[in-house]
Amino acid sequence: MFDPKKLPAIQEELENLKKQLTFFYNRIESIELKPKFGFTKEDQDQAAGKVKSRIDDIDKINETIKDFDSEEAFEKLTQLEALDTLFMINDIFFGTLAEVEKITYDYSIYNFERYKNEIVKPLEELNGLFEFIIPNIRSEVSIMEIYYRMPENSEETILPELNEILSILEKNEISLRQFFNGFKHNEKQIAGYNELRTKKNLFSRYQLYEGDPSQYDELNTIIYHICKTLEAFFSELRTEAEFIKIYPQFEEVNERASNPKSQKNVARMAEIFKLQSIFQTWIRIIRKKYSFREEYKKALKLSEDFNVLSKKIVTYNQVFFDTDEKKLSEKFPEESEKKKYDIIMEEVRGCLKEKTIPFDRIEQVFQKLDKKDFHVIVRDKEADDITVTITPTVAEKNDEDLLKKINLIIQEINFWYPQESKLLKFEEIGRFTMKIEANESVDQEAFAKLVDTLDKELDKFFRNGYDQLIHSLNVAMKNLSGILFTKTGRDNLASRMMDKDMWDFYSPMLTRVKRNLAILNSGSPAIMKVNMNKFPFIKGATEELCQILYDLSMRLFILFDCGDRRSTANMMNILSAFNEFYDVSGLVIAFTTYYKQKSIPNLFANEIRIKNVSKNRFVQGKLRILFPAEKRDGKEENLTTFGG
């Protein structure tokens, strides 16, 4: 907006401008009327009143800028607040010059030219002291110049129009508002900056203007450290099924991180959302089996730092969003349509608050709603997620309760079943859910029959054991209380692992376990009477507790001196099978065993003992696949339950 060091000079020029306007005001007030020249008392009062109003405006500017005497004062301003202030100041300067010139021209017989010239001098000085083209706009102009000078984009360039309105603004021929919003010239509408920047979807209407490019330096540095932390890890595991999918993506991000001069991972605000999604996927895939590795811990912390910093940088243009949302809402006077509209907009506003919705997604949502299309998917899903996003249109065309039921069934199947069984079921379910989500018609009777079949299967093989599982979770927490929930136990474990900060990592997870168990133990009729309703809380408690126990067990195991790469890999495969099928009891035994032991005299005997700890049939089936030489017969067990 302006350099704080220039504040005294600005205040001096404002005082000079006010003085010259006062001279002009006094001159208008004192002139001897000459009615034959068409200048009446009413004209005199009106002209004087306009100048007096501009004198008052100078006081308004002084009052606004008086506290901006340091960089710290400017840092408290949001970008929109800074722009609003500049609009106000520019409106006053531009309006003052226009009115003084008009009065001088209209009543040239009274020789106001000298007064006008004295007013123009401080106005020109002041325009030079203020930075009306804020650095954010200069950053965007630089990006547009690079983009439209590429041969493939040059034919659709907007650079001539952009340079023209920049030049006109610098000559003070248009106001700052006209520069941004457009203006008429010789009966022709000239596009403003806000329109030009959105051409070719380079910037979104709902993104506030880019900041200094250096604001992305720290983000790109974090990306670099994430890649370097995981480089050897990904290279080592790139042939594993889960990592095959994401290794090419890692190579692409790593290549950019290593060569930022050619192309940075984040050079614009819109690119942040993609990176957030990428890191979330990496962390989720690594976590299940490799959470005990230091690379995971470091990458997780770095990705969290990335998200925190991203939320400070991502800025939506709330003014445009609110304006467009208000106009759009007026299209739905009918109660039924208004209700659907409100459902969608409530989700969008939630995403805005979380800073998780990409700018172009907001545009897509508004475009669909403008056509009264209520089949709007606001949040991204994983590519393999076959649950149904229940948009207002989908809810209207289908049995909403049935859709909610199949979504929960999908989550239960995904949580409990082995990979092969799960994929077969998902293939059958997906034939219905993907059509429903695409707003296509399905055989409702066949779909309801499938839901009923799956519901009964889950009741028989899993849900009937939920009460026993809750009991096991409570017992596990009681057995672990002396270690995980007392200061002495925690300090002992942290000391043994030589990690004084380890509880910063585990405490939030333990809090989630306790919170979900508290709900399950509350005796709520809505939860206790319907086994299906217990699942979300069982999932929350079981998933986190198993992950904690798996992680701690592996970290304890690798501390034993006798451990080598082969034995570590074997134990990781054994315990990750426990974790994959949420064998809480087995993981508690493994953890407490290694917590109490000071050494492992026989690695092979230890492996056999830990394998036999689990009574979970899915775990035992996975172990027979992982360690085929230890099969006792040639038959595979028919796995139908998750318990012992």
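Everything numeric here is computed off the predicted structure, so don't read it as measured data.

## Thoughts on the pattern of salt bridges
Within the structure shown, the criterion is met by 47 salt bridges. Between aspartate 452 and lysine 456 there is a salt bridge; the shortest N-O distance is 3.2 Å. Of this pair, aspartate 452 and lysine 456 both sit in helix α20 (residues 444-461), 4 residues apart, which is roughly one turn of that helix. Notably, a salt bridge pairs lysine 534 with aspartate 467, separated by 2.6 Å at the nearest N-O pair. Of this pair, lysine 534 sits in helix α25 (residues 531-557) while aspartate 467 is found in helix α21 (residues 466-484), placing the two residues 67 residues apart along the sequence.

## What to know about the nonpolar core
Counting 140 residues, the largest nonpolar core has Trp282, Trp416 and Leu493 as the members making the most contacts within it. Looking at this core, the element that brings in the most residues is α25, giving 13 residues. In terms of nonpolar packing, the next biggest core, distinct from the first, is built from 66 residues, Leu123, Ile158, Leu159 and Tyr193 among them.

## Observations regarding helix α7 (residues 159-170)
Its 12 residues place the ends of α7 16 Å apart at the C-alpha level, agreeing with the 16 Å of an ideal helix rising 1.5 Å per residue. All buried positions along α7 are accounted for by Leu159, Leu162, Ile165, Leu166, Ile168 and Leu169. Following α7 by one or two positions, asparagine 172 adopts a phi angle in the positive range, close to 60°.

## Overview of the side chain of glutamate 13
Along the polypeptide, glutamate 13 turns up in helix α1 (residues 7-30). Salt bridges are absent for the buried glutamate 13, whose nearest opposite-charge side chain, lysine 19, sits at 9.5 Å. Discounting residues that sit within four places of it in the chain, glutamate 13 has contacts with Pro122, Glu125, Leu126 and Leu129.

## Some thoughts on the packing of aromatic side chains
Under the defined criterion, the tally for this structure stands at 47 aromatic pairs. Taking the centre distance of 6.0 Å and the plane angle of 90° together, the rings of phenylalanine 180 and tyrosine 193 count as edge-to-face. Remark: tyrosine 193 occurs in helix α9 (residues 193-196) and phenylalanine 180 occurs in helix α8 (residues 176-181); sequence separation between them is 13 residues. Here phenylalanine 180 and tyrosine 193 have matching classes, each one buried. Note on phenylalanine 581 and phenylalanine 618: the rings are 5.4 Å apart at their centroids and 55° apart in plane angle, and the pair reads as tilted. Of the two residues, phenylalanine 581 is situated in the loop between α26 (565-580) and α27 (584-596) and phenylalanine 618 in helix α29 (residues 617-626); the sequence distance between them amounts to 37 residues. Each of the two residues, phenylalanine 581 as well as phenylalanine 618, counts as buried. Every member of this aromatic cluster is reached through a ring pair, and the members are Phe233, Phe234, Phe243, Tyr247, Phe250, Phe279, Trp282, Tyr290 and Phe306. Across from the ring centre of phenylalanine 203, 5.4 Å away, lies the NZ or CZ of arginine 268, which sits over that ring.

## Regarding helix α16 (residues 359-370)
Given a rise of 1.5 Å per residue, 12 residues ought to cover 16 Å, and the 17 Å separating the end C-alpha atoms of α16 matches this to within 8%. Packed against the buried residues of α16 are α12 (271-290), α14 (318-329) and α15 (335-354).

## Remarks on the environment of proline 525
Considering the arrangement of structural elements, one finds proline 525 in helix α24 (residues 525-528). In sequence terms proline 525 and phenylalanine 485 are 40 residues apart; their C-alpha atoms lie 29 Å from each other.

## Thoughts on unusual backbone geometry
The backbone of asparagine 111 shows a phi angle near 55°, a positive value even though the residue is not glycine. In this fold, asparagine 111 is placed in the loop between α4 (79-106) and α5 (113-129). The backbone of lysine 200 sits at a positive phi, close to 60°, despite the residue not being glycine. With respect to the helices and strands, the residue lysine 200 is situated in the loop between α9 and α10 (217-237).

Rules used in this analysis
- Residues numbered from 1 in each chain as written.
- Predicted model: local features only at pLDDT ≥ 70, side-chain atom pairs only at ≥ 80, totals over all residues.
- Heavy atoms only, no water.
- Salt bridge = Lys/Arg side-chain N within 4 Å of Asp/Glu carboxyl O.
- Helix = DSSP H or I, 4+ residues; strand = E, 2+ residues; numbered from the N terminus.
- Core = buried A, V, L, I, M, F, W, Y, C linked by side-chain atoms within 4.5 Å.
- Buried < 20%, exposed > 50% of the residue type's maximum accessible area, 1.4 Å probe, protein only.
- Expected span 1.5 Å × (residues − 1).
- Lys, Arg positive; Asp, Glu negative; His and termini not counted.
- Contact = heavy atoms within 4.5 Å.
- Phe/Tyr/Trp six-rings, centres within 6.5 Å; stacked < 30°, edge-to-face > 60°.
- Lys NZ or Arg CZ within 6 Å of the ring centre and 35° of its normal.

Keep in mind these numbers describe shape, not what the thing actually does.
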